[in-house]
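Examining the three-dimensional arrangement
The lines below spell out each chain.
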Amino acid sequence: QVQLVESGGGLVQAGGSLRLSCAASGRTFKSYAMGWFRQAPGKEREFVALITWSGGSTYYADSVKGRFTISRDNAKNTVTLQMNSLKPGDTAVYYCATSLYSGRTTPQSYDYWGPGTQVTVSS
């Protein structure tokens, strides 16, 4: 059992920045990778970024590459998503999730999810 809680969402103007954090607790040693996903109203949940706990390997969606950075703090069991140069199209509920055994980009590959945090980018 793994519990995840996101924080750091809010309202920001286009071109601005936000930093999202995800705190993990429980049996975190079973987690292979952490991922960030987002979902806008009426749209499917989409992959944003992932990072592996052991090796720190990262992977980004093309839509955020060069603007977003994912990082981890293994000692604190936290994962951070630094979001720069935000666009109105980034508006969504952002979720962190953990995959127990793999590090893929599909939501179906992830086993536990946080409740989400709202990010709104105004134009």
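Here the structure is shown first, and the text comes after it.
Before going into details, it helps to say that this report is about the structure given with it. Note that this is a predicted model, so its numbers are computed, not measured. (Residues numbered from 1 in each chain as written. Predicted model: local features only at pLDDT ≥ 70, side-chain atom pairs only at ≥ 80, totals over all residues. Heavy atoms only, no water.)

1. What about the pairing of strand β4 (residues 33-39)?
Most of β4 sits out of view: six of its seven residues are buried. Where β4 lies against strand β5 (residues 46-52), six bridges are found, and the strand directions are antiparallel. Looking at β5, one finds that Trp36 is bridged to Ala49. Between the end of β4 and the start of β5, which pair antiparallel, lie six residues, with Gly42 showing a positive phi angle near 80°. When β4 meets strand β9 (residues 92-99), the two strands line up antiparallel, connected through seven bridges. Each bridged residue has a counterpart across the sheet, and for Arg38 the counterpart in β9 is Tyr94. (Buried < 20%, exposed > 50% of the residue type's maximum accessible area, 1.4 Å probe, protein only. Helix = DSSP H or I, 4+ residues; strand = E, 2+ residues; numbered from the N terminus. Pairing = 2+ DSSP bridges.)

2. Points about the pairing of β5
Looking along a regular strand, one sees the side chains alternate between the two faces of the sheet. Burial of β5 is extensive: six of the seven residues sit out of reach of the surface. With three bridges connecting them, β5 and strand β6 (residues 58-60) associate as antiparallel partners. Of the residues in β6, the one forming a bridge with Ala49 is Tyr60. Hairpin connection, β5 to β6: the antiparallel pair is bridged by five residues, and Gly56 has positive phi, about 75°.

3. As for the packing of aromatic side chains
Centre distance and the angle of the planes are the two values used to describe a pair of aromatic rings. Counted according to the given criterion, the structure contains six aromatic pairs. Where Phe37 meets Tyr110, the ring centres are 5.0 Å apart and the plane angle is 75°; that geometry is what we call edge-to-face. Of the two residues, Phe37 is situated in strand β4 and Tyr110 in the loop between β9 and β10 (112-113); the sequence distance between them amounts to 73 residues. With respect to burial, Phe37 and Tyr110 carry one shared label: buried. Measuring from ring centre to ring centre gives 5.0 Å for Phe37 and Trp113, while their planes differ by 55°; the resulting arrangement is tilted. Separated by 76 residues along the polypeptide, Phe37 in strand β4 and Trp113 in strand β10 bring together distant segments of the chain. (Phe/Tyr/Trp six-rings, centres within 6.5 Å; stacked < 30°, edge-to-face > 60°.)

4. Focus: the side chain of Ser102
Along the chain, the position of Ser102 falls in the loop between β9 and β10. Of the polar contacts made by the side chain of Ser102, one reaches the side chain of Arg104; its length is 3.4 Å. Setting aside its immediate chain neighbours within four residues, Ser102 contacts Tyr32, Ala33 and Ser109. (Polar contact = N/O pair within 3.5 Å; in protein donor to acceptor, adjacent residues only side chain to side chain. Contact = heavy atoms within 4.5 Å.)

5. Considerations on the sheet that holds strand β8 (residues 78-83)
Taken in spatial order, the four strands of this open sheet run β1-β3-β8-β7, and their pairing is antiparallel. Where the open sheet ends on each side, the last strands, each with one partner, are β1 (2-7) and β7 (68-73). Strand-to-strand twist of the sheet, defined as the mean angle between neighbouring strand axes without regard to direction, takes the value 15°. Judged from the six bridges that link them, β7 and β8 form a sheet pairing that is antiparallel. Looking at the pairing, Thr69 lines up with Gln82 of β8. (Axes fitted to C-alpha atoms, helices over the stretch in contact; angles between N-to-C directions.)

6. Here we look at the pattern of salt bridges
Across all of its chains, the model carries four salt bridges by this definition. A salt bridge links Arg38 to Asp90, with the shortest nitrogen-to-oxygen separation between them at 2.8 Å. Residue Arg38 is found in strand β4, and its partner Asp90 is found in the loop between β8 and β9; the two are separated by 52 residues along the sequence. Between Arg67 and Asp90 there is a salt bridge, with the nearest N and O atoms lying 2.8 Å from each other. Residue Arg67 is found in the loop between β6 and β7, and its partner Asp90 is found in the loop between β8 and β9; the two are separated by 23 residues along the sequence. In the salt-bridge network here, residues are joined through shared partners; they are Arg38, Glu46, Arg67 and Asp90. (Salt bridge = Lys/Arg side-chain N within 4 Å of Asp/Glu carboxyl O.)

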